[in-house]
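In case you want the letters, here they are:
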Amino acid sequence: MAPLPTTGRGTEQRFDVNLSILFTELPLLERPAAAAAAGFDAVELWWPWTDTPTPPRAELDALRKALDDAGTRLVGLNFYAGQLPGPDRGALSVPGEESDRFRANIEVAADFAAATGCGALNALYGNRAEGVDPRAQDELALENLVRAAHAADRAGAILLIEALNKPESPLYPLVSASSAVEVVDRVNAATGLGNAAFLLDLYHLSMNGEDLNEVIDRYTDRTGHVQIADNPGRGAPGTGSLPLADLLGRLRKAGYSGWVGLEYKPGDRPSADSFDWLATGV
């Protein structure tokens, strides 16, 4: 297979690999080297320690060393989001213990981003909680997002707000591009920092039935990061019916020059074998 165009070499697109959905057949600390062996020099991660927002320093240092040793740059990291993968879709709007855990994680995640040069921190909003007024959750969410935005700013990073899809995340309130961008606007208005941005995930938005061309035209200038997977199936490009080449081209023409995260399932093959589409393009 030809060298993968992950750094702009021979292509206008910069791809990074999400190590929380690809290469998961390997232990966490082996995944950066596996991504590098597959031709990638940039990776992203969901919060790797689903059971704790404050892992031991030795574990944080070990992950940073694995990234450095592999020569891979961390370009995106989630704040603590509960059990993900699993039933949770974030913690910051969930009152009680989960909100407390998110707050405990803010500086930990921001410090790790600063230490690794990671420029984007993703804050998943969290599911609606049974018996809790949604307005109270939204007020809590804004309070926590303001804290996260300030921490991201100190780390030299942007704060990402992501829309998920309603079929797979029925309790998650941000299930359209417009709903996520509204939160982005509220955070920026509250902080004055202007460092909150939209995470545009083409798979999630397609699952919601949105007009992807319209979303790109309307929100590219508000977008801080892009993620892709094909639909149906959340597999690699070419396994479904999304016109990803056209959509990514439209994003470039609209001015997006940032990273595109590969956040797809490899299927019933090793992750390293799921990048054949890159040899000929999306």
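Residues numbered from 1 in each chain as written. Predicted model: local features only at pLDDT ≥ 70, side-chain atom pairs only at ≥ 80, totals over all residues. Heavy atoms only, no water.

**Quick word on the confidence of the model for the protein**
Piece 1. Per-residue pLDDT for the protein has a mean of 95; in total, 96% of the residues score no lower than 70.
Piece 2. Long-range and interchain partners of residues 1-11, a stretch whose pLDDT sits below 50, account for 24 contacts in this model, where long-range means more than four residues apart. (pLDDT = per-residue confidence, 0-100. Contact = heavy atoms within 4.5 Å.)

**Notes on the pairing of strand β8 (residues 259-262)**
Piece 1. Residues W259 and G261 of β8 are buried on one face, and the alternating residues V260 and L262, pointing to the opposite face, are buried as well.
Piece 2. As judged from the three bridges shared by strand β7 (residues 223-228) and β8, these two strands associate in the parallel manner. By the bridge assignment for β8, V226 is matched with V260.
Piece 3. Assessed by its sense of winding, the connection that carries the chain from β7 through helix α8 (residues 244-253) to β8 is right-handed. (Buried < 20%, exposed > 50% of the residue type's maximum accessible area, 1.4 Å probe, protein only. Helix = DSSP H or I, 4+ residues; strand = E, 2+ residues; numbered from the N terminus. Pairing = 2+ DSSP bridges. Right-handed = clockwise from strand over helix to strand, strands pointing away.)

**Details of the packing of aromatic side chains**
Piece 1. Within this structure, the stated rule accounts for eight aromatic pairs.
Piece 2. Through a chain of ring-to-ring contacts, three or more aromatic side chains come together here, namely F15, F23, F40, Y264, F275 and W277.
Piece 3. Directly above the aromatic system of W259 lies the positively charged group of R14, at a separation of 4.4 Å from the ring centroid. (Phe/Tyr/Trp six-rings, centres within 6.5 Å; stacked < 30°, edge-to-face > 60°. Lys NZ or Arg CZ within 6 Å of the ring centre and 35° of its normal.)

**Some details on the nonpolar core**
Piece 1. By size, the foremost hydrophobic cluster in this structure holds 83 residues, and its most contacted members are L159, F198 and F275.
Piece 2. Those residues in contact with L159, other than ones at most four positions away along the chain, are F79, L121, A123, L145, A148, A149, A152, V187, N195, A196 and A197. (Core = buried A, V, L, I, M, F, W, Y, C linked by side-chain atoms within 4.5 Å.)

**Brief notes about the pattern of salt bridges**
Piece 1. Applying the stated criterion to the full structure yields 14 salt bridges.
Piece 2. Residues R101 and E98 are paired through a salt bridge, measuring 3.2 Å at the closest nitrogen-oxygen approach. With R101 and E98 both in helix α3 (residues 97-116) and three residues apart, the pair spans about one turn of that helix.
Piece 3. Across the pair D133 and R135 runs a salt bridge, and its minimum N-O distance is 3.0 Å.
Piece 4. A network of salt bridges, in which partner residues are shared, links R57, D61 and R64. (Salt bridge = Lys/Arg side-chain N within 4 Å of Asp/Glu carboxyl O.)

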